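Summary of structural features
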Amino acid sequence: MQNNSERLDLWLSVSQIHSSVNEKLEQALLKQYDISLKEFCVLKFVSSSPCKELRLQQLQELVGLSQSATSRLVDRMEASSVGALERHSCADDRRGIYTRITESGENKCQQALETVNQVLNEELKCDGILTDLENIIGKLLK
């Protein structure tokens with residue numbers, strides 16, 4: 001690595017690729033399933049967890065939102081019109097709140113996962129982005 005500026009340039013390249021792919025994922029998920037990328041991530045994290053539930057604080061850390069933003073997001077996903085999640089209190093610690101994925105949420109997650117994988121395959125192969133990303137990461141790790 002020649003200098004810190006080169007490392008910054010590489011990092012900015014990764015960030016630009018990340019933003020571009022996230023935008024494509026967001027568009028596809030909204031169009032096909034009427035869910036945002038953050039909502040998909042919530043479904044995926046909860047679905048992949050043991051017992052298909054997570055403490056809200058864990059979910060907040062995984063999704064990268066504030067406590068209030070996570071709570072609002074889960075509220076929307078619990079609404080009767082969506083029904084993808086349901087909350088319950090921890091039996092051992094009444095202060096702990098968990099969210100569990102419903103059957104409807106699990107179905108939506110699995111369907112959306114197919115679209116996510118399709119978009120990732122298309123976008124990462126497009127214009128050699130995957131090769132560029134691998135090269136950038138290799139240089140960053142030097």
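The notes below deal with the structure included here.

**As for the nonpolar core**
In this structure, Leu29, Phe40, Val42, Leu43, Leu59 and Leu85 are the most contacted members of the largest nonpolar core, which totals 32 residues. Broken down by secondary-structure element, the contributors of at least two residues to this core are helix H1 (4-33), helix H2 (37-48), helix H3 (56-63), helix H4 (67-78), helix H5 (103-125) and helix H6 (129-140). By residue number, the principal contributor to this core is H1, which donates eight residues. Setting aside chain neighbours within four positions, we find Phe40 in contact with Leu29, Ile35, Cys109, Ala112, Leu113 and Val116.

**Topic: the pattern of salt bridges**
The final tally for this structure, using the stated rule, is six salt bridges. Between Glu78 and Arg87 there is a salt bridge, and its shortest N-O distance comes to 3.1 Å. Residue classification places Arg87 among the partly exposed positions, given a relative accessible area of 30%. Look at the salt bridges and you will find they share partners, linking Glu53, Glu86 and Arg100 into a network.

Analysis parameters
- Residues numbered from 1 in each chain as written.
- Predicted model: local features only at pLDDT ≥ 70, side-chain atom pairs only at ≥ 80, totals over all residues.
- Heavy atoms only, no water.
- Core = buried A, V, L, I, M, F, W, Y, C linked by side-chain atoms within 4.5 Å.
- Buried < 20%, exposed > 50% of the residue type's maximum accessible area, 1.4 Å probe, protein only.
- Helix = DSSP H or I, 4+ residues; strand = E, 2+ residues; numbered from the N terminus.
- Contact = heavy atoms within 4.5 Å.
- Salt bridge = Lys/Arg side-chain N within 4 Å of Asp/Glu carboxyl O.

The analysis is restricted to geometry; functional conclusions fall outside its scope.
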